[in-house]
Amino acid sequence: MFSGPRARLCCLDLDTFFVSVERLLNPELCGKPVVVGALPGSRGVVTACSYEVRAFGVRSGMGIAEAVRRAPHAVFMRGTSGVYGAYAQRVKAILERYTPEVRTASIDEFYLDFSGCERLYRRAADADDDAAIERIVRELRERVQVEIGLPASAGIGCTRAMAKMASNVAKPAGVRMVRVGEERAFVAELPVRRFPGIGPVAAEELNQAGVHTLGELLSLPEGPRRARFRRTTERVEQALHPTSAQRIGRDRPAFREHDPEHLTVGSISNERTFGQDVRERVRVEGQLCSLAERVCWRARSRGARARTVTLRLRYSNFETLTRSRTIPPTNVEAKVYACVLELLAEVLDPARGVRLLGVGLSNLVGEDTQLALPLGKEPPPQVGRAIDDVRARFGFEAIRLGASALRK
DNA sequence: TCTGGGGTCCTAGGACCC
DNA sequence: TCTGGGGTCCTAGGACCC
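Computed from a predicted structure; not experimentally measured.

**Details of the overall build of chain A**
Within chain A, the regular secondary structure consists of 15 helices and 12 strands. Taken along its principal axes, the extent of the C-alpha atoms in chain A is 70 × 55 × 45 Å. Burial status across chain A gives 44% buried among its 408 residues. Within chain A, contacts between residues at least 6 apart in sequence are counted, and of these 65% link residues at least 24 apart. Measuring between centres, the 63 positive side-chain charges of chain A sit 3 Å from its 49 negative side-chain charges.

See the structure below:
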């Protein structure tokens, strides 16, 4: 018998992930209002915050000063670097017990495909296949909670976007299934901003045009408004129907650092916002040298060379400029730094304060790929390797280029 | 004291080649 | 002298996600 499309894709999202991990490391934080991110007095933002502070209007992405204003009683902490990935790995290992089709979408978000698993999981007590899948997702959510101690929410739907929206509705610590046929009704009352792909800019534009919910968007009458938002409407419409290929997509490259197979990573970049805006050219150049060092180090650790180097510069007024240049593939600090300095000359206004600097590598190729004969003199590869060996034992800061010291 | 840092993807224009 | 398209690569900017 033909079995039609089913709601078989699941999104599992860890609730207030960084906060939850910090609470595992330090149980005294449980029940307290916690903000992970920048410390008060700095220019950073909120990375994650507990439900106790959300009650005061604190949100992730909010400037830390604003968060302090809204919740002065909260515990503010930087977070523990290096531990989150390991917890995410443990979560993934649990999920893989239930289906081989698990994808990592971000450090706290996973997609699972249960298509074809109905026979495996169906029990006599289950009213139908959907009920079986929902039961198994509740069980897996519970396993993550019990075995690791991390609260999670899960959504089930016929597409990634549906599963994602369902998991958001299920928060905190819940499960929500949207069965085939229920999609339109489920989506109808949701604010447009809840759709993955509609950000603050698009949402504002829609609201200005009198469109507030996804239901209103989908039912716009033919006319100029419908024409104006046609592309957005199409994307929402597609999310309501099962698609054929690439159902849960691929792992995000950023979370496949150790994949030795292929170099599909798109880009490597590092940027830094100064504590206070900077005018001295030596400090600008010192920071760029430091950033060049860091991206080259990361590129080498992935066996990558970059064909394109990008400089990013943000002035005090938040005006942000980028300049990029394509060069023979390299992961050598001196080459990247030299290139960045040339790009800097195109954009730097010595009269203005610099807020942020960034260096990016893109157009990456494998280390062995030789697209052009080396014309200039390049340090032998042993030099880079020797630097990296020292860092492997003592950390990135253990060995630095002299010019990097000038950034402070 | 407004507004981090790591990414991906899309668009649009211009150069250049056939 | 006037004037095609198509394709690819490069660059700059911006929206979006977590």
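**So, the environment of Ala345**
For Ala345, the position within the fold is in helix H14 (residues 333-347). Taking the C-alpha atoms as reference points, Ala345 and Arg179, 166 residues apart in sequence, are found 57 Å from one another.

**What about the protein's contact with DNA strand C?**
Around DNA strand C lies a shell of 20 residues, among which Ser106, Asp108, Gly197, Ser324 and Thr326 are the nearest. A share of 100% is what sugar and phosphate atoms reach among the atoms of DNA strand C within 4 Å of the protein. Within the backbone of Ala202, one N or O atom sits 3.1 Å away from a phosphate oxygen of DNA strand C. Take Thr322: an N or O atom from its main chain is 3.0 Å from a phosphate oxygen of DNA strand C. Of all the secondary-structure elements, those providing two or more residues to the surface near DNA strand C are helix H9 (200-208) and strand E11 (320-330).

**Considerations on unusual backbone geometry**
Cis rather than trans, the peptide bond between Lys171 and Pro172 has omega equal to -5°. Assignment of secondary structure puts Pro172 in the loop between helix H7 (160-170) and strand E8 (175-177). Even without being glycine, Ala173 reaches a positive phi, approximately 55°. Within the secondary structure layout, Ala173 lies in the loop between H7 and E8. Within the chain, Phe318 stands out as a residue other than glycine whose phi angle is a positive 80°. For Phe318, the location among the structural elements is in the loop between strand E10 (304-315) and E11.

**Focus: the protein's contact with DNA strand B**
In the vicinity of DNA strand B there are 22 residues, among which Gly41, Glu271, Thr273, Arg298 and Arg355 approach most closely. Here DNA strand B approaches the protein such that, of its atoms within 4 Å, sugar and phosphate make up 68%. Contact distances for DNA strand B include 2.5 Å between a phosphate oxygen and a backbone N or O atom of Glu271. Of all elements in the fold, only strand E9 (267-278) and strand E12 (354-366) reach the threshold of two or more residues within the surface near DNA strand B. The leading source of residues in the surface near DNA strand B is E9, at seven residues.

Here is what the cut-offs are and how they apply
Residues numbered from 1 in each chain as written. Chains lettered and ligands numbered in written order. Predicted model: local features only at pLDDT ≥ 70, side-chain atom pairs only at ≥ 80, totals over all residues. Heavy atoms only, no water. Helix = DSSP H or I, 4+ residues; strand = E, 2+ residues; numbered from the N terminus. Buried < 20%, exposed > 50% of the residue type's maximum accessible area, 1.4 Å probe, protein only. Contact = heavy atoms within 4.5 Å. Lys, Arg positive; Asp, Glu negative; His and termini not counted. Charge placed at Lys NZ, Arg CZ, Asp CG, Glu CD. Near = heavy atom within 4 Å. Polar contact = N/O pair within 3.5 Å; in protein donor to acceptor, adjacent residues only side chain to side chain.

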